[in-house]
Amino acid sequence: MFETSEEMGALQDLLDRSFAGAGGHLTGIVNPGRRLNAKQVANYLVGVKHVSFATASSKGDPFAAPLDGWFLRGQFVVSTSASALRVAHVRRRPQVSLAHVVGDDIGIWTHGQARIAAPDEPLVVEYDRVATETYGSSPFSWGDIVVMLVEPRVMFAYAQDPVRWPE
């Protein structure tokens, strides 16, 4: 877990606000007995997780593609080639959705804005460190890589059996 106590508090507030504003269909599934709290989310999301990252074209057409996702300091971080279509989408329309789902066991998703971050930003430096430990080389050594920080507007975290996901 990479979050400070302040970041954990902000994450719990985000999860609570998101649930409070959710519609009846969502709250019928992600009901209080199936919600994950901030500690469960942060503990589960340690390390790389495969996510679906969704952007929209200039015509509003949705585009979703898989990426490696990292959860650092209470937000998702993704990277891809600077020439990827999704990077062009984010430059024009930063609104994105990101989801990590494993069958019916667990689902964590967020809607917000992606921001292309500078390589020297502290969160990008931290991302580079943990990604290098996992992959054996820095993502920046692979070519023209862009790191995007997903700044959540809402976030939901669901588990069929939340006790399986420890705090």
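Residues numbered from 1 in each chain as written. Predicted model: local features only at pLDDT ≥ 70, side-chain atom pairs only at ≥ 80, totals over all residues. Heavy atoms only, no water.

Peer 1: Mind laying out the nonpolar core, listing which residues take part and the relevant values?
Peer 2: Among the nonpolar cores identified, the biggest contains 31 residues, and Val41, Phe53, Phe76, Ile108 and Met148 are the most heavily contacted of them. Tallying contributions element by element places strand E6 (residues 145–159) first for this core, with six residues. Within the second largest apolar cluster, 11 residues are counted, among which are Trp70, Leu72, Leu123 and Val124. (Core = buried A, V, L, I, M, F, W, Y, C linked by side-chain atoms within 4.5 Å. Buried < 20%, exposed > 50% of the residue type's maximum accessible area, 1.4 Å probe, protein only. Helix = DSSP H or I, 4+ residues; strand = E, 2+ residues; numbered from the N terminus.)

Peer 1: Kindly report on the sheet that holds strand E3 (residues 75–81), identifying the contributing residues and their values.
Peer 2: Taking strand neighbours around the barrel as the criterion, the six strands line up as E1-E2-E3-E6-E5-E4 in a closed arrangement whose pairing is antiparallel. Strand after strand, the sheet turns through a mean of 40 degrees between neighbouring axes, direction not considered. Note that strand E5 (residues 106–117) and E6 share 12 bridges and pair antiparallel. By the bridge assignment for E6, Arg115 is matched with Leu149. Docked against the sheet, helix H1 (residues 5–20) engages strand E2 (62–72) and E6, running at close to 60 degrees with respect to E6. (Pairing = 2+ DSSP bridges. Axes fitted to C-alpha atoms, helices over the stretch in contact; angles between N-to-C directions. Contact = heavy atoms within 4.5 Å.)

Peer 1: Lay out empty space enclosed by the protein in plain terms, naming residues and giving numbers.
Peer 2: According to the stated counting rule, one finds one cavity of 30 Å³ or more in the structure shown. Roughly 50 Å³ of internal volume is contained in the largest cavity. As for the largest cavity, its lining consists of Leu15, Phe19, Val30, Arg35, Leu36, Met155, Phe156 and Ala157. Elements with a minimum of two residues in the lining of the largest cavity: H1 and E6. With three residues, the single largest contributor to the lining of the largest cavity is E6. The residue inventory of the lining of the largest cavity, partitioned by class, reads seven nonpolar, no polar and one charged. (1 Å grid on protein atoms, 1.4 Å probe; cavity = no way out; pocket = protein on both sides within 12 Å on 5 of 7 lines; lining within 4 Å. Points joined across faces, edges and corners; volume = space filled by probe spheres on them. Nonpolar A, V, L, I, M, F, W, Y, C, P; charged D, E, K, R; others polar.)

Peer 1: I'd like a description of the packing of aromatic side chains, backed by residues and values.
Peer 2: This model, assessed by the stated rule, comprises six aromatic pairs. Grouping aromatic residues by their ring pairs yields a cluster made of Trp70, Tyr127, Tyr135 and Trp142. Taking the ring centre of Phe19 as reference, the NZ or CZ of Arg35 above it sits at 4.3 Å. Taking NZ or CZ as reference, Lys49 lies 4.2 Å from the ring centre of Tyr44, over its face. (Phe/Tyr/Trp six-rings, centres within 6.5 Å; stacked < 30°, edge-to-face > 60°. Lys NZ or Arg CZ within 6 Å of the ring centre and 35° of its normal.)

These figures capture arrangement, not role.
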